[in-house]
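# Working through the structure, step by step
What follows is the residue order along each chain.
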Amino acid sequence: MNDNAESFSIPAEIKQEAQEATLRLLPAKSKRVYEKEMVEFDNWRKKRGLGEGAITEEVLLAYFFNVKKHFAASSMWTKYSMLKSMLKVHKGIDISKYGKLTSYLKVGSRKYKTKKAKILERNQIEEFLKKAPDVEYLQVKVALILGVAGACRCNELTFLDISDVQDKGSYLYVLIPDTKTNISRSFTVMEEAFSVNAVEMCRKYISLRPKAAGRRFFLRYVDGKCTTQHVGINTISKTFSKVASFLGLPDPESFTGHGMRRSSATLLANAGGDITTVERYGGWKSTTVAENYIEESLSSKMAIAEKIQVLPNVGEVVGPSSTSETPHRVNLNPGQNNKVVFELNVNVNINNNSK
């Protein structure tokens, strides 16, 4: 008998350890959400009288056909991804091989356009930081500065530790150790950021912390004073809408917390940041998002427009200058007898080795 084919009994301890290792394949931060998705699928399956063994492509097509009645296309893909992970971990079923199912989801998302969070322009950010009174908006100002300067997610700001913000004198060094993509990031806040003394503004907020305050950086701010109560994610997520409301922008509630991250990436792309720079700064795992910001950036659009719309002078020739390596232009006007003389400089080195 082949030794590899020989059957043996796996000890219960080994099985338990293997089970624990398998469960760790699920993302720890969103494990409950994944489990909830699995429960919803199991409940639907039981209501339809389907047993444990009835998890086939046909069944999943029917399930997502019903899900589509209540969720947008983007949510469909999210639910599919979570259910795919849960079925693979708990049932050993890989639904990514179900071609009909993925094709069905793709067809449903073709006409769907995701709603992108609104952004603030640099001049709008500067206007708010200069005009909004500190006694009411200091916490909002600091959240705006850190959020845009570091392309931060709302949960990253919410759980920011006081030790993660280090005062280096002429700038602040901010560390984001725990991120959604498990990629730690860091960034700096300069004194002259957004045409204000951003470092001094952050120092002022830090100085108002009560001695009994915990580890959270952001504390509740009322009438020019910080309390010991930390700021929750809902308050942080309303930072942009508060800024938009102060500036009198239309529909301020549509300015969500994600707008800080999008504004940061847009400002960087507009300033000429390439795909690699945008990707690394925002901590994205894929270049897809970074490519989107580069593609939509004003600097990119202007460069493309210039190439398409602005024609060079007719007959313009660009060549090396005879006096330097800097290119010079020679304009050839149509309909005239143009005479162009090109000078060719040749450096010849002769080694005369006489014997």
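If you check an unreviewed UniProt entry, the protein chain appears there as Tyr recombinase domain-containing protein from Exocentrus adspersus.

Tallied over the entire structure, the rule returns 13 aromatic pairs. Judged by centre distance (5.5 Å) and plane angle (85 degrees), the rings of Phe 128 and Phe 246 are edge-to-face. On the criterion of sequence distance, the pair formed by Phe 128 in helix α6 (residues 122-131) and Phe 246 in helix α11 (residues 239-246) is long-range, its members being 118 residues apart. Overall, Phe 246 belongs to the partly exposed group, its relative accessible area being 30%. Aromatic side chains Phe 217 and Phe 218 sit 4.9 Å apart centroid to centroid with 85 degrees between the ring planes, which places their arrangement in the edge-to-face category. Here the two residues Phe 217 and Phe 218 agree in accessibility, since each one is buried.

Looking now at the nonpolar core. Counting 50 residues, the largest nonpolar core has Phe 128, Leu 129, Leu 146, Val 189, Tyr 205, Phe 217 and Phe 218 as the members making the most contacts within it. In terms of nonpolar packing, the next biggest core, distinct from the first, is built from 23 residues, Tyr 34, Met 38, Leu 60 and Tyr 63 among them.

Of all the residues in α11, the buried ones are Thr 239, Phe 240, Ser 241, Val 243 and Ala 244. Packing partners of the buried residues in α11 comprise α6, α7 (134-149), α10 (233-237) and α12 (258-270). Looking one or two residues beyond α11, the residue adopting positive phi is Gly 248, at roughly 75 degrees.

A few words now on the packing of α12 against helix α13 (residues 275-282). It is at 10 Å that the axes of α12 and α13 come closest, and there the two elements cross at 155 degrees. Taken together, the axes of α12 and α13 lie roughly antiparallel to each other. Judged by the sense of rotation from one axis to the other, the crossing of α12 with α13 is right-handed. Of the residues in α13, those touching α12 at Arg 261, Ser 264, Ala 265 and Leu 268 are Thr 277, Val 278, Tyr 281 and Gly 282. Its residues assigned to classes, the contact of α12 with α13 comprises four nonpolar, three polar and one charged.

Here helix α4 (residues 73-90) crosses helix α5 (residues 99-109) at 155 degrees, and the two axes come no closer than 9 Å. The angle between α4 and α5 falls in the class roughly antiparallel. In this structure, α4 meets α5 at a crossing whose hand is left-handed. Where α4 abuts α5, its residues Ala 73, Met 76, Trp 77 and Tyr 80 lie against Leu 101, Thr 102, Tyr 104, Leu 105, Lys 106, Gly 108 and Ser 109. In terms of residue class, the contact of α4 with α5 is built from seven nonpolar, three polar and one charged.

Quick look at the pattern of salt bridges now. Overall, the coordinates contain 11 salt bridges when judged by the stated rule. Between Glu 40 and Lys 79 there is a salt bridge; the shortest N-O distance is 3.1 Å. Remark: Lys 79 occurs in helix α4 and Glu 40 occurs in helix α2 (residues 31-47); sequence separation between them is 39 residues. Using a relative accessible area of 32% as the deciding quantity, one classes Glu 40 as partly exposed. Three or more residues are tied together by salt bridges with common partners; here these are Glu 37, Glu 40 and Lys 79.

Looking at the element boundaries, Val 59 is found in helix α3 (residues 57-67). On the basis of relative accessible area, Val 59 is assigned to the buried category, the value being 12%. The spacing of Val 59 and Arg 45 is 14 residues in sequence and 8.4 Å in space, taken between C-alpha atoms. Contacts of Val 59, omitting those with residues within four sequence positions, involve Trp 44, Leu 50 and Ala 54.

Another aspect to go through is the confidence of the model for the protein chain. Residues at a pLDDT of 70 or more form 83% of the protein chain, whose mean pLDDT is 82. Scored below 50 in pLDDT, residues 317-332 shows 31 contacts in the model against residues more than four places distant or in partner chains. Scored below 50 in pLDDT, residues 338-355 makes seven contacts in the model with residues more than four places away or belonging to other chains.

How each quantity is defined
Residues numbered from 1 in each chain as written. Predicted model: local features only at pLDDT ≥ 70, side-chain atom pairs only at ≥ 80, totals over all residues. Heavy atoms only, no water. Phe/Tyr/Trp six-rings, centres within 6.5 Å; stacked < 30°, edge-to-face > 60°. Helix = DSSP H or I, 4+ residues; strand = E, 2+ residues; numbered from the N terminus. Buried < 20%, exposed > 50% of the residue type's maximum accessible area, 1.4 Å probe, protein only. Core = buried A, V, L, I, M, F, W, Y, C linked by side-chain atoms within 4.5 Å. Contact = heavy atoms within 4.5 Å. Axes fitted to C-alpha atoms, helices over the stretch in contact; angles between N-to-C directions. Parallel < 35°, antiparallel > 145°, perpendicular 65-115°, else oblique. Left-handed = near helix turned anticlockwise from the far one by under 90°. Nonpolar A, V, L, I, M, F, W, Y, C, P; charged D, E, K, R; others polar. Salt bridge = Lys/Arg side-chain N within 4 Å of Asp/Glu carboxyl O. pLDDT = per-residue confidence, 0-100.

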